[in-house]
Amino acid sequence: MKRKSELVVPLLFLAAAPLVVYSVQRVFLQTPNERTMGTAFKIFFFHVPMGWLCMLMAVISGVAAGVQLRRRSRTAGAVALAAAEIGFLGGLGVLLTGPIWGHATWGTPWTGDARQVTTALLWLVIAAYLLLRHFGQHASERLAAALAIFGAVNVPLIYYAVKLWKTTHPTTGVVAKLPPEMWATFWPGLSALLLVSFGLFAIRARQLVLVGELDEAYVRLEDSRA
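Residues numbered from 1 in each chain as written. Predicted model: local features only at pLDDT ≥ 70, side-chain atom pairs only at ≥ 80, totals over all residues. Heavy atoms only, no water.

Examining the UniProt feature "transmembrane region" (unreviewed entry) in the protein chain
Phase 1 of the analysis: The feature "transmembrane region" (unreviewed entry), as given by UniProt, occupies residues 43-67, 79-102, 114-132, 144-162 and 182-203 in the numbering adopted here.
Phase 2 of the analysis: As annotated, residues 79-102 comprises 100% helix and 0% strand, and the C-alpha atoms at either end are separated by 34 Å. (UniProt positions renumbered as here; feature names shortened; annotations may be inferred. Helix = DSSP H or I, 4+ residues; strand = E, 2+ residues; numbered from the N terminus.)

Comments concerning the pattern of salt bridges
Phase 1 of the analysis: For the coordinates displayed, the defined rule picks out three salt bridges.
Phase 2 of the analysis: Note that Glu85 and Arg204 form a salt bridge whose closest N and O atoms lie 2.6 Å from each other. Residue Glu85 is found in helix α4 (residues 74-105), and its partner Arg204 is found in helix α7 (residues 180-225); the two are separated by 119 residues along the sequence.
Phase 3 of the analysis: A salt bridge links Glu216 to Arg220; the shortest N-O distance between them is 3.9 Å. Placement of the pair is Glu216 and Arg220 together in helix α7, with a separation of four residues, close to one helical turn.
Phase 4 of the analysis: Among the residues examined, Glu216 registers a relative accessible area of 38% and is labelled partly exposed.
Phase 5 of the analysis: Members of the salt-bridge network, linked through shared partners, are Arg74, Glu216 and Arg220. (Salt bridge = Lys/Arg side-chain N within 4 Å of Asp/Glu carboxyl O. Buried < 20%, exposed > 50% of the residue type's maximum accessible area, 1.4 Å probe, protein only.)

As for the nonpolar core
Phase 1 of the analysis: Judged by nonpolar contacts, the single largest core of 27 residues is most densely connected at Met57, Leu122, Ile126, Tyr129, Leu130 and Phe201.
Phase 2 of the analysis: Sorting the residues of this core by element identifies α3 (44-71), α4, α5 (114-135), α6 (141-164) and α7 as the ones contributing at least two each.
Phase 3 of the analysis: Residues contacting Phe201, with those up to four places away along its chain left out, are Met57, Ile60, Val79, Ala82, Ala83 and Ile86.
Phase 4 of the analysis: In terms of nonpolar packing, the next biggest core, distinct from the first, is built from 13 residues, Val27, Ala40, Ile43 and Phe44 among them. (Core = buried A, V, L, I, M, F, W, Y, C linked by side-chain atoms within 4.5 Å. Contact = heavy atoms within 4.5 Å.)

Observations regarding the packing of α5 against α6
Phase 1 of the analysis: As a packed pair, α5 and α6 sit with axes 9 Å apart at the nearest point and diverge in direction by 165°. By the angle between their axes, α5 is roughly antiparallel relative to α6. Judged by the sense of rotation from one axis to the other, the crossing of α5 with α6 is left-handed.
Phase 2 of the analysis: When its residues are assigned to classes, the contact of α5 with α6 shows 19 nonpolar, four polar and two charged. (Axes fitted to C-alpha atoms, helices over the stretch in contact; angles between N-to-C directions. Parallel < 35°, antiparallel > 145°, perpendicular 65-115°, else oblique. Left-handed = near helix turned anticlockwise from the far one by under 90°. Nonpolar A, V, L, I, M, F, W, Y, C, P; charged D, E, K, R; others polar.)

Observations regarding the UniProt feature "domain: Cytochrome c assembly protein" (unreviewed entry) in the protein chain
Phase 1 of the analysis: What UniProt calls "domain: Cytochrome c assembly protein" (unreviewed entry) maps, in this numbering, to residues 28-167.
Phase 2 of the analysis: When the span residues 28-167 is considered, its composition is 78% helix and 0% strand, and the gap between its end C-alpha atoms is 29 Å.

Some details on empty space enclosed by the protein
Phase 1 of the analysis: In this structure the tally under the stated criterion is one cavity of 30 Å³ or more.
Phase 2 of the analysis: If you trace the largest cavity, you find it lined by Ala58, Ser61, Ala84, Val125, Ile126, Tyr129, Leu147, Ala148, Gly151 and Ala152.
Phase 3 of the analysis: Listing elements by their share of the lining of the largest cavity, those giving two or more residues are α3, α5 and α6.
Phase 4 of the analysis: Here the lining of the largest cavity gets four residues from one element, more than from any other, and that element is α6.
Phase 5 of the analysis: Class assignment for the residues of the lining of the largest cavity results in eight nonpolar, two polar and no charged. (1 Å grid on protein atoms, 1.4 Å probe; cavity = no way out; pocket = protein on both sides within 12 Å on 5 of 7 lines; lining within 4 Å. Points joined across faces, edges and corners; volume = space filled by probe spheres on them.)

Looking at the packing of α3 against α5
Phase 1 of the analysis: One way to put it is that α3 packs onto α5 with a least axis distance of 11 Å and a crossing angle of 40°. One finds that α3 runs oblique with respect to α5. Between α3 and α5 the crossing geometry is left-handed. Touching Cys54, Met55, Ala58, Ser61 and Gln68 of α3 are Leu122, Ile126, Tyr129 and Arg133, all from α5.
Phase 2 of the analysis: Class assignment for the residues of the contact of α3 with α5 results in six nonpolar, two polar and one charged.

Written out as structure tokens, the structure is:
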């Protein structure tokens, strides 16, 4: 069973490799420009998947942090931290590609609409959580967990922001309304990103669990010598 579980991560990367190549060439060589936004719309195929990844990892981190807080589970703590790290990178990608796309389509990189603000808030919450987990004292674990849970709660607000407030962002149904040729580009790209991300997530979570076990073994060793 253990040997089979060790094959999962390599298989994820092997499955992602051809999808990455296929997706990139489709975005730049086969997918036509959008009628009103032109070439700038190609950023969509990177921006939206990274946004979904950020929100997904924020939810995983928040749920795992809640389990860690209730059960004092080392594994849950490792899952929460690993997910937050992947979510941080996804959020950074969103905040970098969004202004480029916005400047090309709206004439300004930042309009301050509800989805931009709530997404930036989520990224800052994730960053604060990571700072507490990496550099905070042991007593700050409860505050860190509360931040992760708050980030997860913020995710539905991001999704429904375009419905609750007047924003410059497209509606939540934009992906479903993509033309067939753009649909065929979007989903392989999203799949490739998720496969790579979950592979890295699994590696990082396992690494964090092992670090915790090594720390505990070292403490026991020092206690036995005292």
